Amino acid sequence: MGASFKSIAAKYKGNKDAEKSIVARLKAGDGHPKVEASEADLDAIVR
Ligand code: HEM
């Protein structure tokens, strides 16, 4: 279920704000199931 990390990377390629906005949306559960993880882990996985 969900998009592959490869397709997500392609979608957001060159988008400088992507890291921040994706982390914020995953934390809030905004348009995506809420991901329960530390800020550091979310940062790392999104990067
Ligand atoms: C470490 C856990 C997870 C991370 C980091 C993650 C991250 C992401 C990201 C970055 C996207 C792309 C959003 C976009 O295109 O703007 C995505 C899409 C999606 N994810 Fe996850 N996800 C995680 C876990 C899950 C889980 C557990 C589910 C389901 C129970 C899920 C379901 C989905 C679905 C359905 C989409 C497609 C949404 C769409 O295309 O509109 N994800 N995910």
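Residues numbered from 1 in each chain as written. Predicted model: local features only at pLDDT ≥ 70, side-chain atom pairs only at ≥ 80, totals over all residues. Heavy atoms only, no water.

1. With respect to helix 2 (residues 18–28)
Okay, so step 1: Within the span of helix 2, buried status applies to Ala18, Ile22, Val23 and Leu26. Seen along its axis, helix 2 keeps its buried residues to an arc of 120°; they face one direction. Residues of helix 2 that are exposed and point more than 90 degrees away from the buried face comprise Lys20 and Ala28.
Okay, so step 2: For helix 2, the elements touching its buried residues are helix 1 (5–12) and helix 3 (39–46). (Buried < 20%, exposed > 50% of the residue type's maximum accessible area, 1.4 Å probe, protein only. Helix = DSSP H or I, 4+ residues; strand = E, 2+ residues; numbered from the N terminus. Arc of directions from axis to C-beta. Contact = heavy atoms within 4.5 Å.)

2. Thoughts on the layout of surface pockets
Okay, so step 1: There is about 780 Å³ of room inside the largest pocket.
Okay, so step 2: Along its surface, the largest pocket is lined by 27 residues, and Phe5, Ile8, Ile22, Leu26 and Val46 are the ones closest to its centre.
Okay, so step 3: When residues of the lining of the largest pocket are traced back to their parent elements, those giving at least two are helix 1, helix 2 and helix 3.
Okay, so step 4: When its residues are assigned to classes, the lining of the largest pocket shows 15 nonpolar, five polar and seven charged. (1 Å grid on protein atoms, 1.4 Å probe; cavity = no way out; pocket = protein on both sides within 12 Å on 5 of 7 lines; lining within 4 Å. Points joined across faces, edges and corners; volume = space filled by probe spheres on them. Nonpolar A, V, L, I, M, F, W, Y, C, P; charged D, E, K, R; others polar.)

3. As for helix 1
Okay, so step 1: Of all eight residues in helix 1, zero are buried, a share of ten percent or less.
Okay, so step 2: Phi for glycine 14, located one or two positions after helix 1, is positive at around 80°.

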